Protein chains: 2
Amino acid sequence: MTTYTAPLKDMQFLLHDVLAVSGRDIPGYGDLDAGFTAAVLEEAGKLASDVLEPLNAVGDREGCVLENGVVRTPKGFKAAFDAMKAGGWTALDCDPDYGGQGLPYVMATAVGEMFVSANMAFNMYQGLTHGAYSAIHTHGSAEQKATYLPKMVSCDWTGTMNLTEPHCGTDLGLMRTKAEPQTDGSYKITGTKIFISAGEHDMAENIIHLVLAKAPGGGEGTKGISLFIVPKFLVNADGSLGARNGVAVGKVEEKMGIHGNATCVMNYDGATGYLLGDLHKGMRAMFTMMNEARLGVGLQGYAVAEAAYQNSLGYAKDRLQGRDVTGAQNTKGPADPLIVHPDIRRNLMDQKSFVEGARAFTFWAASMIDQSVRSGDEAAEGLVSLLIPVLKGFQTDRGFEMAVQAQQIWGGHGYIEDNGVSQFVRDARIAQIYEGANGVQALDLVGRKLSTDGGKHVMAFFALIKGFIKENEADARMQPYLDPLKAASKDVQAAAMFFMNTAMKNPNAALAGSYDFMTMMGHTCLGLMWAKIAKAAFAGLDGGDDADFLNAKLATGRYYMVRQLPATAMHLARIESGADPVMALSAEAF
Amino acid sequence: MTTYTAPLKDMQFLLHDVLAVSGRDIPGYGDLDAGFTAAVLEEAGKLASDVLEPLNAVGDREGCVLENGVVRTPKGFKAAFDAMKAGGWTALDCDPDYGGQGLPYVMATAVGEMFVSANMAFNMYQGLTHGAYSAIHTHGSAEQKATYLPKMVSCDWTGTMNLTEPHCGTDLGLMRTKAEPQTDGSYKITGTKIFISAGEHDMAENIIHLVLAKAPGGGEGTKGISLFIVPKFLVNADGSLGARNGVAVGKVEEKMGIHGNATCVMNYDGATGYLLGDLHKGMRAMFTMMNEARLGVGLQGYAVAEAAYQNSLGYAKDRLQGRDVTGAQNTKGPADPLIVHPDIRRNLMDQKSFVEGARAFTFWAASMIDQSVRSGDEAAEGLVSLLIPVLKGFQTDRGFEMAVQAQQIWGGHGYIEDNGVSQFVRDARIAQIYEGANGVQALDLVGRKLSTDGGKHVMAFFALIKGFIKENEADARMQPYLDPLKAASKDVQAAAMFFMNTAMKNPNAALAGSYDFMTMMGHTCLGLMWAKIAKAAFAGLDGGDDADFLNAKLATGRYYMVRQLPATAMHLARIESGADPVMALSAEAF
């Protein structure tokens, strides 16, 4: 049996002490005073702990079942979905013109973390809907927005994203799904899409599929791809539901995890679709939503790790096994709790320092997205676009590893499904794969983002770190945080320099080091976060705030600095070994 | 659908070119000429590929089902078990006095690898039996041996090991299972044991449980523990089966993986047990079998990774996605195979260089066990005892990580259970947990083995590396292997020195770095193996042997040296940060 407690205090500390949101010059941020955010987060936390978390194991055990073309979600999901809708949680950061509450994205991110920690598979139903909402909101006509958005904001209708086909995932240029133009301006969509999360289920009146397909005349590869709205039920002019469209679920996949979410094969058989955005610009339309979508998956990485951490911490405090080597602690009991043992402590500190650092990174990135979208700040847009593949790739990798470490604390009991911690491992695994597998994130980072706008954004990132160090080095207390950050940043810069010097001659030299680069960037970003947290903690201590809480932050940050940041030197060494060791064998020699 | 091909050529190369087994002065090794080992390995490989591998997915899907006190194994398991018995594979390295074939342990290790790669869960039935066989063979009376061993060698009767109880795993001193002496010299065993692999099933006539329990008068903690033979069916004086004993399966656990093996709760209710070995010396009796048992689990780590590697390699060669950034390779096709991409290649090289290095480490360790057991070589016994926790902990950690990397190559398809690669991940996970969780391996290494016999064995390990380097440094071709090995070895020595200098004052300083030490030792051992392999490869090339094969070895070894060995510096940095960062928070501050 697992439990979940919302990390409200940590979230408030990040929002107000570290990010100082209410003082930021971003539209909507002025309303984010501590009282308001506390009220929102507390209510969301209750829903997460009391309603969503108890359904997590149920969803894992029951899964989604396809019977006669209908997908039955696990027992209790529908009632929980209704509760989520009734609380207005699906509308949090949506446009007030369509029934949304218009809160900044950073708030939706904090709330989303709690829902994911409590029940990742469940939260995907509204998460996917939000992605489809954003696509229609950004690219839809006024009529399309009026038709679909209000129902999607409320989650009366849910949404899906249809990209992958059996023979192509990353390489969408191979796509076969066709869109044939009709005389009335609509299209007939025909093809098979796979891995469609929430593709079919019993919790919504209608499902709005966004489908990538090739319409005639667009040319080869990804250039010919357009994006279409394909509703499960066609929508009449008065907004009522009309005929069933030519789209049907072919199969619900048996997966390693996220059993509570229906991952569907969707068959489109001359289904009526409506062009969304410009013809043959479907890929571009998808890309505009990519930052939020990938941040959402990077969030899953640490949010599941948070849940796993909480449950391993509880076990480490309760389970009596062995004695503290420096002297018994629980002298009245038959043994000491696991948490006395240094290697258990090492494991817990790995988890804690990752989760809290990743939360800071994610909130910071979300606030940059707000800055970009709400204030039109191009520098913020550039920086966040650079860091999003890092946030997605690094946080899902480490999130999975930390879930594995949490399971390890449970020993053999962690391998028994009844105890629930193995589910965190199985669920977390998918986040490394979907929304662009992590190798593709590394490729995006090194092959595209590093050189975007002549390398302006990565230079801005380095300047930001340098500026932070300069600004704070007069405070001697900051030294344990600034010195390792400086060293890590130097390693990252050396790696970027190596890429620049070699990539022109041999692009493989950069790509062979791309995964290491993503990882060292991730460590450096978390290092920067811990330095920012330390600064806020010292300021809080100076102001007489809660010393126990702030000192724990400082200790956790120091742990990250001395135990994790040394990884950047290893990654640099690997990168500087170049392409040769990686590419030395011919394909036949494997 | 997964497949498996036995790595016969690599095994032969290791046995004859790297380890030169037939020239070793160990009883039984003289018979291990290349023709003989090839014949044995080839036959074992056929059984693995043709019989065991096709049942791997079946076992995962069906699991073991408890009905009316009987455990039904997956369809096909019984026939495969009979085939394994008929081929004499269960008797390979057993004592000829009891029907065994008396082959060296290194041969059983090579054969075992193939069986584990093909079907880990299945192979545990005979693996556990072999463990119980060894215990009775080492500690049993002449009568006990005569009664049980012939049937266990043939696997007509299988065996189990019963240590864990619901409230104690690592800390066996808390054990509650009781043994009450009877007037006839037997004992009545009462208590509950959990996580009993192969505890009950339908493939054997009888099951011989070895059970740790507390008999009166032994004192507190582990001192009072004795080891008992508790047969499922009592054995009559003439060897026929008698009455059902008072032991029954209470539950078959639902686990994350190894579904094909029945993990049982076993209830002992006044069951008749016979003392095995000395009274109150049960822990010591268990320890004498620990090297082989832990080697067997470390073998599982890389053997499952080998299977995962093979299936990710096949996919990387077949799946067309994207184009080689340096120019299209598969110009007639719509895209290039995955294997052209540097990050896929990096992933594959990680797997390949680990699996082949770990195989060498395991065969080498197995040959040292032969040297210790068959030649009574105490230095070999000391060295292998030092390295066994490394072999178990490091290889199962990396084996799991490599299975995860293999799954990653499959993208979303790797997350779908039908495709079979997710099973490798779920199965591999248990090897990090059982037979002493890896944190316990690290504790054993740093808290016990480093200082055994005044540190003699770790000094011998360092001397062995130094000697190898000295012996080969005149060959300039060896430099890319020797230099990184020297650097890694230096890091390990510095870490050991740090422990020595701090552990007296603060044992936590050593224990906080124990996991890092285990990991850096693992990298160094694999580095040593790759240096040995390189030496053999150069010798082979000089002799005109298969250049493609040997050059691939050299390239794979170089990869390990430049891409993996730099990790030792990171681990050293962590270790040298000491206990403070790890132990800074009080338990309440988490």
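From a predicted model like this one, the values you see are computed outputs, not experimental measurements. (Residues numbered from 1 in each chain as written. Chains lettered and ligands numbered in written order. Predicted model: local features only at pLDDT ≥ 70, side-chain atom pairs only at ≥ 80, totals over all residues. Heavy atoms only, no water.)

K.L.:
Explain the overall build of chain A here, please?
P.N.:
Within chain A, the secondary structure is distributed over 19 helices and eleven strands. Relative to the compact-globule value of 25 Å for 590 residues, chain A shows a C-alpha radius of gyration of 24 Å, a close match. Dimensions of chain A along its principal axes, counting C-alpha atoms only, are 80 × 60 × 55 Å. Split into buried and exposed, the 590 residues of chain A put 64% on the buried side. Partitioning the intrachain contacts of chain A with sequence separation of at least 6 by distance along the chain shows that 74% fall at a separation of at least 24. About 20300 Å² of surface is accessible on chain A, with carbon and sulfur atoms providing 53% of the total. (Helix = DSSP H or I, 4+ residues; strand = E, 2+ residues; numbered from the N terminus. Rg over C-alpha atoms; globule rule 2.2 N^0.38 Å. Buried < 20%, exposed > 50% of the residue type's maximum accessible area, 1.4 Å probe, protein only. Contact = heavy atoms within 4.5 Å. Areas by Shrake-Rupley, 256 points an atom, 1.4 Å probe, with all protein chains shown as cover.)

K.L.:
Just checking my understanding: could you explain the interface of chain B and chain A for this structure?
P.N.:
A common way to state how big an interface is: give the accessible area lost once the parts meet. Taken together, the contact pairs 88 residues of chain B with 88 residues of chain A. Roughly 7300 Å² of surface becomes buried between chain B and chain A when both sides are summed, with 63% attributable to carbon and sulfur atoms. Three residues, Tyr 415, Arg 563 and Phe 590 of chain B, lead the burial of chain B against chain A; their summed loss comes to 12% of the area buried on that side. The residue Lys 251 of chain B makes a salt bridge to Asp 418 of chain A at a minimum N-O spacing of 3.5 Å. Our count for the chain B to chain A interface comes out at 38 residue pairs in polar contact (both at pLDDT 80 or more). (Buried area = accessible area lost by both parts, 1.4 Å probe. Salt bridge = Lys/Arg side-chain N within 4 Å of Asp/Glu carboxyl O. Polar contact = N/O pair within 3.5 Å; in protein donor to acceptor, adjacent residues only side chain to side chain.)

K.L.:
I would appreciate a short explanation of the relation of the copies chain B and chain A in the present structure.
P.N.:
Note on the copies: chain B fits chain A at an RMSD of 0.0 Å, the axial shift is 0.0 Å, and the rotation between them is 180°. In short, the pair behaves as if placed about a two-fold rotation axis. When C-alpha distances to the rotation axis are compared across chain B, the minimum falls at Met 570 of chain B, with a value of 3.3 Å. By residue overlap, the copies meet face to face through one surface: 100% of the interface positions of chain B are interface positions in chain A. (Least-squares fit on C-alpha atoms with pLDDT ≥ 70 in both.)

K.L.:
Got a minute to help me understand the domain arrangement of chain A in this structure?
P.N.:
Its domain assignment divides chain A into domain 1 (8-139), domain 2 (157-281), domain 3 (289-436) and domain 4 (450-583). Placing the centre of domain 2 of chain A and that of domain 4 of chain A at their C-alpha centroids yields a distance of 41 Å. (Domains from an automatic or database assignment.)

K.L.:
Sorry, what's going on with the UniProt feature "domain: Acetyl-CoA dehydrogenase-like C-terminal" (unreviewed entry) in chain A here?
P.N.:
Annotation from UniProt places "domain: Acetyl-CoA dehydrogenase-like C-terminal" (unreviewed entry) at residues 461-585 of chain A. The span residues 461-585 of chain A shows a helical share of 82% and a strand share of 0%, and its end C-alpha atoms are spaced 36 Å apart. (UniProt positions renumbered as here; feature names shortened; annotations may be inferred.)

K.L.:
What's the story with helix 8 (residues 290-318) of chain B in this structure? I'm lost.
P.N.:
The α-helix advances 3.6 residues per turn, and as a result positions three or four apart in sequence lie on the same side. Given a rise of 1.5 Å per residue, 29 residues ought to cover 42 Å, and the 42 Å separating the end C-alpha atoms of helix 8 of chain B matches this to within 8%. Counting buried positions along helix 8 of chain B yields 23 of 29 residues, so the element is predominantly enclosed. (Expected span 1.5 Å × (residues − 1).)

K.L.:
What's the story with the pattern of salt bridges in this structure? I'm lost.
P.N.:
Side chains that differ in charge, positive against negative, can pair when their charged atoms come close. Applying the stated rule across the entire model yields 62 salt bridges over all chains. With a closest N to O distance of 2.9 Å, Arg 426 of chain B and Glu 417 of chain B form a salt bridge. On the basis of relative accessible area, Arg 426 of chain B is assigned to the buried category, the value being 3%. Residue classification places Glu 417 of chain B among the partly exposed residues on the basis of a relative accessible area of 21%. Across the pair Arg 574 of chain B and Asp 516 of chain B runs a salt bridge, and its minimum N-O distance is 3.0 Å. Taken together, the positions of Arg 574 of chain B in helix 18 (residues 567-576) and Asp 516 of chain B in helix 16 (residues 514-542) put the pair 58 residues apart, joining distant regions of the chain. Connected via shared salt-bridge partners are Asp 10, Glu 113, Glu 306, Lys 352, Glu 356, Arg 359 and Lys 553 of chain A.

K.L.:
What is the right way to look at the packing of helix 14 (residues 479-503) of chain B against helix 16 of chain B in this model?
P.N.:
Any two packed helices are characterised by how steeply their axes cross, that is the angle between the axes, and by the distance between the axes. Residues and elements named next belong to chain B. Interhelical geometry of helix 14 versus helix 16 gives an angle of 155° and a closest axis separation of 9 Å. Considering their axes alone, helix 14 and helix 16 lie roughly antiparallel with respect to each other. The handedness of the crossing between helix 14 and helix 16 is left-handed. Judged by residue contacts, Tyr 481, Leu 482, Leu 485, Ala 488, Ser 489, Asp 491, Val 492, Ala 495, Ala 496 and Phe 499 of helix 14 engage Ser 514, Phe 517, Met 520, Met 521, Thr 524, Gly 527, Leu 528, Trp 530, Ala 531, Ala 534 and Phe 538 from helix 16. (Axes fitted to C-alpha atoms, helices over the stretch in contact; angles between N-to-C directions. Parallel < 35°, antiparallel > 145°, perpendicular 65-115°, else oblique. Left-handed = near helix turned anticlockwise from the far one by under 90°.)

K.L.:
What is the right way to read the packing of aromatic side chains from this model?
P.N.:
How two aromatic rings sit relative to each other is set out by the distance from centre to centre and by the angle between their planes. According to the stated counting rule, one finds 25 aromatic pairs over all chains in the structure shown. Ring geometry for Tyr 481 of chain B versus Phe 538 of chain B: centroids 6.2 Å apart, planes at 75°, classification edge-to-face. In this pair, Tyr 481 of chain B sits in helix 14 while Phe 538 of chain B sits in helix 16, placing the two residues 57 residues apart along the sequence. Phe 538 of chain B carries the same exposure label as Tyr 481 of chain B, and that label is buried. Put simply, the rings of Phe 77, Phe 81 and Phe 122 of chain A pair up and form one aromatic cluster. Taking the ring centre of Phe 233 of chain A as reference, the NZ or CZ of Arg 244 of chain A above it sits at 5.6 Å. (Phe/Tyr/Trp six-rings, centres within 6.5 Å; stacked < 30°, edge-to-face > 60°. Lys NZ or Arg CZ within 6 Å of the ring centre and 35° of its normal.)

K.L.:
I keep staring at the UniProt feature "domain: Acyl-CoA dehydrogenase/oxidase N-terminal" (unreviewed entry) in chain A and nothing clicks. Help me out?
P.N.:
In the numbering used here, UniProt assigns the feature "domain: Acyl-CoA dehydrogenase/oxidase N-terminal" (unreviewed entry) to residues 78-154 of chain A. Helix makes up 73% of residues 78-154 of chain A and strand 0%, whereas the separation of the span's terminal C-alpha atoms amounts to 14 Å.

K.L.:
In this structure, what is going on with the packing of helix 1 (residues 8-18) of chain A against helix 2 (residues 34-52) of chain A? I would like to understand it.
P.N.:
Residue and element names in this part refer to chain A. Running from N to C, helix 1 and helix 2 point in directions that differ by 145°, and their axes come no closer than 10 Å. Crossing geometry of helix 1 relative to helix 2 is assigned as right-handed. Listed contacts from helix 2 to Leu 8, Met 11, Gln 12, Leu 15 and His 16 of helix 1 are Ala 34, Thr 37, Ala 38, Leu 41 and Glu 42.

K.L.:
Explanation requested: helix 6 (residues 142-153) of chain A in the structure shown.
P.N.:
All names here are of chain A. Taking 1.5 Å per residue, twelve residues should reach 16 Å; helix 6 reaches 16 Å between its end C-alpha atoms and fits that length. When helix 6 is considered as a whole, its buried residues turn out to be Gln 144, Lys 145, Tyr 148, Leu 149, Met 152 and Val 153. Angular distribution of buried residues about the axis of helix 6 spans 120°; they occupy a single face of the element. Helix 6 presents Glu 143 and Ala 146 as exposed residues on the side facing more than 90 degrees away from its buried surface. Lining the buried residues of helix 6 we find helix 5 (105-139), strand 3 (157-162), strand 6 (206-214), strand 7 (225-231), strand 8 (233-235) and strand 11 (263-275). Phi turns positive, to about 65°, at Cys 155, one or two residues after helix 6. (Arc of directions from axis to C-beta.)

K.L.:
Which parts of the structure should I look at to understand the side chain of Asn 56 of chain A?
P.N.:
Tracing the backbone through its elements, the reader meets Asn 56 of chain A in helix 3 (residues 54-62). When neighbours within four sequence positions are excluded, Asn 56 of chain A is seen to be in contact with Ala 118, Asn 119, Met 120, Gln 423, Phe 424 and Asp 427 of chain A.

K.L.:
Mind showing me how you'd approach the environment of Glu 220 of chain B here?
P.N.:
Secondary-structure assignment places Glu 220 of chain B in the loop between strand 6 (206-214) and strand 7 (225-231). Sequence separation between Glu 220 of chain B and Leu 174 of chain B is 46 residues; the distance between their C-alpha atoms is 8.8 Å.

K.L.:
I would appreciate a short explanation of the nonpolar core in the present structure.
P.N.:
Judged by nonpolar contacts, the single largest core of 375 residues is most densely connected at Leu 387 and Phe 517 of chain A together with Leu 210, Leu 387 and Phe 517 of chain B. Ranked by residue count, the leading element in this core is helix 5 (residues 105-139) of chain B, at 20 residues. The residues contacting Phe 517 of chain B, other than those within four sequence positions of it, are Leu 445, Val 446, Leu 450, Val 492, Ala 495, Ala 496, Phe 499 and Ile 575 of chain B. Counting 27 residues, the second largest nonpolar core, distinct from the first, contains Leu 149, Met 175, Ile 208 and Leu 227 of chain A. (Core = buried A, V, L, I, M, F, W, Y, C linked by side-chain atoms within 4.5 Å.)

K.L.:
Whenever I open this one, the environment of Gln 479 of chain B confuses me. Can you help?
P.N.:
Residues and elements named next belong to chain B. On the secondary structure map, Gln 479 appears in helix 14. Its relative accessible area of 46% is what places Gln 479 among the partly exposed residues. Through-space distance from the C-alpha of Gln 479 to that of Ile 469 is 9.2 Å; in sequence the pair is ten residues apart.

K.L.:
Would you mind going over the side chain of Asp 60 of chain B with me for this structure?
P.N.:
All names here are of chain B. Along the chain, the position of Asp 60 falls in helix 3 (residues 54-62). In this structure Asp 60 comes out as buried when scored by relative accessible area, which is 14%. Every residue in contact with Asp 60, bar those within four places of it in the chain, is listed here: His 259, Glu 417, Gln 423 and Arg 426.

K.L.:
Would you explain the pairing of strand 5 (residues 187-197) of chain B in this entry?
P.N.:
Walk down a regular strand and you will see the side chains alternate between the two sheet faces. Residue and element names in this part refer to chain B. Of the pairings in the sheet, the one linking strand 4 (residues 178-181) to strand 5 comprises four bridges and is antiparallel in character. From the neighbouring strand, Ala 179 faces strand 5, where its bridge partner is Ile 189. Here strand 4 hands over to strand 5 after five residues, with Gly 185 in that stretch at a positive phi of 95°. Bridging between strand 5 and strand 11 (residues 263-275) involves nine bridges; their strand directions are antiparallel. (Pairing = 2+ DSSP bridges.)

K.L.:
Can you help me understand the environment of Ala 555 of chain B in this one?
P.N.:
Considering the arrangement of structural elements, one finds Ala 555 of chain B in helix 17 (residues 547-563). On the basis of relative accessibility, which here comes to 5%, the residue Ala 555 of chain B falls in the buried class. As a C-alpha pair, Ala 555 of chain B and Glu 42 of chain B span 513 residues in sequence and 27 Å in three-dimensional space. Not counting the four nearest positions on each side in its chain, Ala 555 of chain B is found in contact with Ala 584 and Leu 585 of chain A together with Met 349 and Tyr 481 of chain B.

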